[in-house]
Amino acid sequence: MSVTSPAVKGLEWHPVPEGYAGPDLHAVLASRLPADLLGVVYGYMVGPDPDTDARAVAHGLPQLVQDPNAALANACLGGHEDLARLMLDRGATDYNIGLAKACQGGHEALARLMLEKGATDYDRGLDSACWGGHEALARLMLDRGATNYNQALFYARRYCQEGLVRLLLECQARASS
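Residues numbered from 1 in each chain as written. Predicted model: local features only at pLDDT ≥ 70, side-chain atom pairs only at ≥ 80, totals over all residues. Heavy atoms only, no water.

A.B. asks: So, the overall build of the chain: which residues are in play, and what are the values?
C.D. replies: The helix and strand tally for the chain stands at 11 helices and 2 strands. Mapped in sequence order, the helices and strands of the chain form the string β-β-α-α-α-α-α-α-α-α-α-α-α. Residues counted as buried form 41% of the 177 residues belonging to the chain. The contacts of the chain with a sequence gap of at least 6 include a subset with a gap of at least 24, amounting to 55%. Carbon and sulfur atoms make up 51% of the accessible area of the chain, which amounts to about 9,400 Å² in all. (Helix = DSSP H or I, 4+ residues; strand = E, 2+ residues; numbered from the N terminus. Buried < 20%, exposed > 50% of the residue type's maximum accessible area, 1.4 Å probe, protein only. Contact = heavy atoms within 4.5 Å. Areas by Shrake-Rupley, 256 points an atom, 1.4 Å probe, with all protein chains shown as cover.)

A.B. asks: Could you give me a rundown of the state of the cysteines, with the residues and numbers involved?
C.D. replies: Inspection of the entire model under this criterion finds 0 disulfides. With no disulfide of its own, C76 lies closest to C103 among cysteine sulfurs, the gap being 9.6 Å. Of the cysteine sulfurs around C130, a residue in no disulfide, the closest is that of C103, at 9.5 Å. Given the relative accessible area of 0%, C130 is considered buried. (Disulfide = S-S within 2.5 Å.)

A.B. asks: Any chance you could break down the pattern of salt bridges for me, citing the residues and the numbers?
C.D. replies: Evaluated as defined, the whole model comprises 4 salt bridges. Between E135 and R139 there is a salt bridge, with the nearest N and O atoms lying 3.1 Å from each other. Here E135 and its partner R139 are both found in helix α9 (residues 135-144), 4 residues apart, which amounts to about one turn of the helix. With relative accessibility at 29%, the residue E135 sits in the partly exposed group. (Salt bridge = Lys/Arg side-chain N within 4 Å of Asp/Glu carboxyl O.)

So this is what it looks like as structure tokens:
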């Protein structure tokens, strides 16, 4: 039995038998999905510690568990709004990591979606926006109340983001006056 998602046309979600991690699964997925979407799908199935399942590792695949939060993070980083919404529908609730990944990837619509859902870790979002070099998202996080100027400055300087360095120094000066 397959379930077709209206949010992601052309993709069918097939239940994976518990404990199955055979090489055929990878071949089927790899033949049907572009590489960037394959990572999102694996994010939905990949657990935080793939080394704990020796059978999966022996077949060259990580441990298969249902983890919509990992897939949400991957979808936000890659800018896949339809897949992010699908993962939200499937129970993903880690809006803060979604926000950070959207900011890192420069995807404002996804960042705003995570904010609407309830993300509140503006400092982590600011760090991620500066790490990714996305000034508009850094401004959004500052407008929401981010105050970790020093950490964000570290990333902005490290990755030679001159506009972000200026923005953060101005905010820091305003906050200290």
